[in-house]
Amino acid sequence: MLKLPGLIDPHVHMREPGAAHKEDWESGTSAALAGGVTLVLAMPNTRPPIFDAATLDLALQAARSRARCDYAQFVGAGPANAAEVARLAPRAAGLKMYLDQTFGELRLDSMTLWQDHFRSWPADAPIVAHSESRSMAAVILMAAIYNRPVHIAHVSLKEEILLIKAAKERGLQVTCEVCPHHLFLTQDDIPAISREHPGRGEVRPRLASKEDVEALWANLDVIDCFATDHAPHTLAEKDGEKPPPGFPGLETLLPLLLTAVAEGRLAVDDIIQKSVLNPCRIFSLPAQPETWVEVDEHATYEIHAAEMKSKCGWTPFEGWKVRGGVTRVVLRGREVFKDGEVHPPLGFGKNIKAR
């Protein structure tokens, strides 16, 4: 058996509050444990979004009663909440800024609103922004102006990873993450994913070209974290007239990475660095004592959504042959997953930002 530290996923959508039929803290954290993930950082674009003390309390109350793995909750930057969310920084995983493609309370239409948050948010707490090409370039400039770090989410394009590489070479405080679906899938895979249902290929950022994917692999040393952007929607929603974008990913992260190890594209140390050590450093996360994942690195099998813990009931990697199966997970000294079964009671998960 291969023994790994518990993985950290710094970018998940639990859909609670507001859309628990897609995923809730119970099902989402069960999926995490089944995938060898013992700590998740949840995004704030729920219904309502997490953008003040009341909504943060709402999300944390749900997590406290149902989470099975450890967790922390992001707060969202809005047009008029810079001062309030700054006060919440000690309780939050970080500040998430949606620059171009979000509406409502988290929409930031002007760079002057970005500045409010860069001035107010504590310098030792992380700011996360989307990799939206030119907007990403602008937010890196903003971080340089205010002399503070910024973390770029779900990098998918050649131009993005090369810009981040150049920024790092010049000493700017920028880190970034990449999702497995942007490493292992291209736009050429969309017909196979969608088949008779075009909505199943919808994800943001969109699946990119082969050239873009090759650029990510060629610049693995620039990538700080693997993050799933676990974004579950039900099959009925994905197959409907207005399919929402997003892929589930918590249960396929480690098998895909271990398959890449078997193929010689990654090393086990890469997984530990980008899924444990770097997330801890970037997001100031405490170590999880007596926590590990046991993997049968020689096991080969096919990915099937019917065997997964997530509520959404599908995966873009359906039928993929992978190598490396999670057999046992221990979290804080307690066996929480073994041979396909999740064991801890509801609420066993710990809020790692709780005072």
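Residues numbered from 1 in each chain as written. Predicted model: local features only at pLDDT ≥ 70, side-chain atom pairs only at ≥ 80, totals over all residues. Heavy atoms only, no water.

**Student:** Got a minute to help me understand the sheet that holds strand β1 (residues 2-5) in this structure?
**Tutor:** Taken in spatial order, the 5 strands of this open sheet run β1-β11-β12-β13-β14, and their pairing is antiparallel. Each of the sheet's edge strands pairs with one partner strand only, and the pair in question is β1 and β14 (341-342). Both strand β11 (residues 292-302) and strand β12 (residues 321-331) contribute to a ladder of 8 bridges, which runs antiparallel. Within the sheet, the bridge partner assigned to threonine 300 lies in β12 and is arginine 323. (Pairing = 2+ DSSP bridges. Helix = DSSP H or I, 4+ residues; strand = E, 2+ residues; numbered from the N terminus.)

**Student:** Looking at this structure, how should I read helix α5 (residues 134-145)?
**Tutor:** The α-helix winds at 3.6 residues per turn, so residues separated by three or four positions along the chain end up facing the same way. Relative to the 16 Å expected for 12 residues at 1.5 Å per residue, α5 spans 17 Å between its end C-alpha atoms, a close match to the ideal helical length. Looking only at α5, the buried set comprises Ser135, Met136, Ala138, Val139, Ile140, Met142 and Ala143. Buried positions along α5 lie against α4 (111-120), β7 (127-130), β8 (150-153), α6 (158-169) and β9 (174-178). Looking one or two residues beyond α5, the residue adopting positive phi is asparagine 147, at roughly 50°. (Expected span 1.5 Å × (residues − 1). Buried < 20%, exposed > 50% of the residue type's maximum accessible area, 1.4 Å probe, protein only. Contact = heavy atoms within 4.5 Å.)

**Student:** Got a minute to help me understand the packing of α4 against α5 in this structure?
**Tutor:** For any two helices packed against each other, one specifies the crossing angle of their axes together with the interaxial distance. Two numbers describe how α4 lies on α5: the axes approach to 11 Å, and their chain directions differ by 40°. When the axes of α4 and α5 are compared, the pair comes out oblique. Regarding α4 and α5, the two cross each other, and that crossing is right-handed. Taken together, the residues of α5 that come into contact with α4 (itself represented by Met111, Trp114, Gln115 and Phe118) are Ser135, Ala138, Val139, Met142 and Ala143. Of the residues contributing to the contact of α4 with α5, the split by class is 7 nonpolar, 2 polar and no charged. (Axes fitted to C-alpha atoms, helices over the stretch in contact; angles between N-to-C directions. Parallel < 35°, antiparallel > 145°, perpendicular 65-115°, else oblique. Left-handed = near helix turned anticlockwise from the far one by under 90°. Nonpolar A, V, L, I, M, F, W, Y, C, P; charged D, E, K, R; others polar.)

**Student:** Looking at this model, I keep getting lost on the sheet that holds strand β4 (residues 70-73). Mind explaining?
**Tutor:** Note: strands within a sheet are paired through backbone hydrogen bonds, in either parallel or antiparallel orientation. Across the sheet, 3 strands lie side by side as β2-β3-β4; this open sheet has parallel pairing. The open sheet terminates on both sides in strands that have one partner only, identified here as β2 (7-12) and β4. Strand after strand, the sheet turns through a mean of 15° between neighbouring axes, direction not considered. Across 4 bridges, strand β3 (residues 37-42) lies against β4 in parallel orientation.

**Student:** So what exactly am I meant to see when it comes to the pattern of salt bridges here?
**Tutor:** Should their charged atoms come close, side chains of opposite charge can pair. A full pass over the atoms with the stated rule returns 16 salt bridges. For aspartate 24, the salt bridge identified is with lysine 311, shortest N-O distance 3.0 Å. Residue aspartate 24 is found in the loop between β2 and α1 (25-34), and its partner lysine 311 is found in the loop between β11 and β12; the two are separated by 287 residues along the sequence. Residue classification places aspartate 24 among the buried positions, given a relative accessible area of 10%. As a salt-bridge pair, glutamate 202 and arginine 204 come within 2.8 Å of each other at their nearest N and O atoms. What makes glutamate 202 partly exposed here is its relative accessible area of 26%. One salt-bridge network, held together by shared partners, links Lys168, Asp224 and Arg281. (Salt bridge = Lys/Arg side-chain N within 4 Å of Asp/Glu carboxyl O.)

**Student:** In this structure, what is going on with the environment of alanine 227? I would like to understand it.
**Tutor:** Mapped onto the secondary structure, alanine 227 falls in the loop between β10 (225-226) and α10 (235-238). Through-space distance from the C-alpha of alanine 227 to that of leucine 216 is 14 Å; in sequence the pair is 11 residues apart. Those residues within four positions of alanine 227 in sequence are excluded, and the remaining contacts are Asp9, Pro10, His11, Glu177, Val178, Cys179 and Pro180.

**Student:** What is the right way to read the nonpolar core from this model?
**Tutor:** Soluble, globular proteins show a tendency: their nonpolar side chains are buried together. Counting 94 residues, the largest nonpolar core has Val40 and Ile152 as the members making the most contacts within it. Those residues in contact with valine 40 that lie beyond four places of it in its chain are Asp9, Val12, Met14, Trp25, Ala32, Cys69, Asp70, Tyr71, Ala72 and Leu250. Residues Ile8, Leu39, Met43 and Ile282 belong to the second largest nonpolar core, which totals 16 residues. (Core = buried A, V, L, I, M, F, W, Y, C linked by side-chain atoms within 4.5 Å.)

**Student:** Looking at this structure, how should I read the layout of surface pockets?
**Tutor:** Empty pockets left among the atoms are what a rolling probe the size of a water molecule brings to light. Here the second largest pocket defines a volume of roughly 370 Å³. Counted by class, the lining of the second largest pocket contains 7 nonpolar, 6 polar and 5 charged residues. (1 Å grid on protein atoms, 1.4 Å probe; cavity = no way out; pocket = protein on both sides within 12 Å on 5 of 7 lines; lining within 4 Å. Points joined across faces, edges and corners; volume = space filled by probe spheres on them.)

**Student:** I would appreciate a short explanation of the side chain of histidine 233 in the present structure.
**Tutor:** Positionally, histidine 233 belongs in the loop between β10 and α10. The exposure class assigned to histidine 233 is buried, which follows from its relative accessible area of 5%. Ignoring sequence-local partners within four residues, the contact set of histidine 233 consists of Arg15, Lys22, Lys238, Pro244, Pro245, Gly246, Cys312 and Trp314.

**Student:** I would appreciate a short explanation of the pairing of β8 in the present structure.
**Tutor:** On a regular strand, one side chain projects to one face of the sheet and the next to the other, so that they alternate. Residues Val150 and Ile152 of β8 are buried on one face, and the alternating residues His151 and Ala153, pointing to the opposite face, are buried as well. For β7 and β8, the ladder comprises 3 bridges, and the chain directions are parallel. Looking at the pairing, histidine 130 lines up with alanine 153 of β8. Here 3 bridges tie β8 to β9, and the two strands are oriented parallel to one another. Residue pairing across strands places histidine 151 opposite threonine 175, the latter belonging to β9. At this point the chain moves from β8, through α6, to the parallel β9, and the crossover so formed is right-handed. (Right-handed = clockwise from strand over helix to strand, strands pointing away.)

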